[in-house]
Amino acid sequence: MTLPIYVITGASKGLGRALALQMAEQGHTIFALARPSEALDEVEALLQSSSEDSMSIECDLADLNSIAAASTIIKANASFISGIVHNAGAVAPVKPIKGATGGAWARSVHVNLIGVQALTQQIYHLLGGEQQSRITTISSGASLRPVGSWSAYCVSKAGLDMWSRCMAEEGQAHNISSIAVAPGVVDTGMQLEIRSTPSEDFPSLQSFIDLHEQGQLVSSAAVAGQLIPLVTTHSMEQSGQRFDVREL
Ligand code: NAP
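Every value quoted in this text rests on a predicted model; they were computed, and no experiment measured them.

Some points on the side chain of Thr-232
Link 1 in the chain: Among the structural elements, Thr-232 can be located in helix H8 (residues 220-233).
Link 2 in the chain: There is a polar contact of 2.8 Å between the side chain of Thr-232 and the backbone oxygen of Ile-228.
Link 3 in the chain: When near neighbours in sequence (up to four residues on either side) are disregarded, Thr-232 contacts Tyr-6, Met-23, His-28 and Arg-134.

So, in structure tokens, the structure goes:
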């Protein structure tokens, strides 16, 4: 029997790592994508202790050539993909619009949005058909409300929500579903990065420090546990919806 294969981006750290490890323990084969690092190597070793066909695949979502190379590896190792979790995300640059350099701004949109389209397109023929494939994009509250100094992140997450809905629309004919999920405030490196921003660059800095000090961040393991049923079992009827883990 072929085990269900899921592609998870941003699987080296934080929420993506927790999702990958828990899903592997539950019997899924995981292709764990991130840029090369010791953290990614460690994830691969952990994955293979519970799921021998799981692997890490190096991929820089800011680079179309790297996405193509990663897709070649996926295609060489799978004839069907049960789902993709587009989890990788970059909040930087945390800078006001007038101060953000064009390169950093565009890079964020590339990682958060353009890379999602490019990766999906490259492996589209491995999705759907007789069996449903499930795409999950990891959204954010920042897709719905503007946050000062997060323009690249807000724009790309808002675009990602609409991309997910477009994917759902087109996927109906191919047995491919697509949902977006906002994960709440998760205790990961991204939150540490946000709290480390110079206050002059980020008007909301204190509110993020307060959330941390008040113990309101949720562990990535706990959020992954909430997400997995949606990632692995959402229905075609739910395709096109946006969920928030705090409302599940
Ligand atoms: P994180 O700990 O910073 O992890 C981000 C992941 O994205 C890492 O695995 C990182 O891998 C990967 N990534 C970043 N740039 C990449 C690139 N150029 N190419 C490939 N992978 C890249 O963040 P997290 O908090 O777990 O975030 C996971 C998702 O949740 C993101 O989409 C984020 O926007 C969303 N989210 C998080 C929160 C929160 O409170 N933490 C709230 C709302 C939404 P490498 O750096 O190793 O390549």
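Moving on, there is more to tell.
What to know about the sheet that holds strand E1 (residues 5-9)
Link 1 in the chain: An order of E3-E2-E1-E4-E5-E6-E7 is seen for the seven strands of this open sheet, with the pairing classed as parallel. Single-partner strands in this sheet number two, and they are strand E3 (55-58) and strand E7 (242-244). Neighbour to neighbour, the strand axes of the sheet diverge by 20 degrees on average, direction disregarded.
Link 2 in the chain: Relative to E3, strand E2 (residues 29-34) is paired through four bridges, and the arrangement is parallel. Each bridged residue has a counterpart across the sheet, and for Leu-33 the counterpart in E3 is Ile-57.
Link 3 in the chain: The sheet strands contacting helix H1 (residues 14-25) are E1, E2, strand E4 (83-86) and strand E5 (133-138), and the helix crosses E1 at an angle near 165 degrees.
Link 4 in the chain: Of the strands in this sheet, E1, E2 and E3 touch helix H3 (residues 64-77), which is tilted by about 150 degrees from E3.

Here's the deal with the site of the ligand
Link 1 in the chain: Looking at the ligand, there are 30 residues lining it, with Ser-12, Arg-35, Asn-87, Tyr-153 and Thr-188 nearest.
Link 2 in the chain: Between the ligand and Val-186, the relevant distance is 2.8 Å, taken from an oxygen atom to a main-chain nitrogen or oxygen of the residue.
Link 3 in the chain: Interatomic distance of 2.8 Å between a side-chain N/O atom of Gln-191 and an oxygen atom of the ligand.
Link 4 in the chain: When isolated, the ligand has an accessible area of 890 Å², and the protein chains bury 94% of it.
Link 5 in the chain: Broken down by element, the shell around the ligand gets its largest block of residues, three residues, from helix H6 (residues 189-195).
Link 6 in the chain: Here the shell around the ligand is composed, by residue class, of 14 nonpolar, eleven polar and five charged.

Remarks on unusual backbone geometry
Link 1 in the chain: With an omega dihedral of 5 degrees, the bond running from Ala-92 to Pro-93 counts as a cis peptide bond.
Link 2 in the chain: Positive phi, close to 75 degrees, is recorded for Ser-149, a residue that is not glycine.
Link 3 in the chain: Along the chain, Ser-149 falls in the loop between E5 and helix H5 (151-171).
Link 4 in the chain: Judged by its relative accessible area of 10%, Ser-149 falls in the buried class.
Link 5 in the chain: You will see that Asn-175, though not glycine, has its phi angle at about 65 degrees, which is positive.
Link 6 in the chain: Along the chain, Asn-175 falls in the loop between H5 and strand E6 (176-182).

Cut-offs and rules
- Residues numbered from 1 in each chain as written.
- Predicted model: local features only at pLDDT ≥ 70, side-chain atom pairs only at ≥ 80, totals over all residues.
- Heavy atoms only, no water.
- Helix = DSSP H or I, 4+ residues; strand = E, 2+ residues; numbered from the N terminus.
- Polar contact = N/O pair within 3.5 Å; in protein donor to acceptor, adjacent residues only side chain to side chain.
- Contact = heavy atoms within 4.5 Å.
- Pairing = 2+ DSSP bridges.
- Axes fitted to C-alpha atoms, helices over the stretch in contact; angles between N-to-C directions.
- Near = heavy atom within 4 Å.
- Areas by Shrake-Rupley, 256 points an atom, 1.4 Å probe, with all protein chains shown as cover.
- Nonpolar A, V, L, I, M, F, W, Y, C, P; charged D, E, K, R; others polar.
- Buried < 20%, exposed > 50% of the residue type's maximum accessible area, 1.4 Å probe, protein only.

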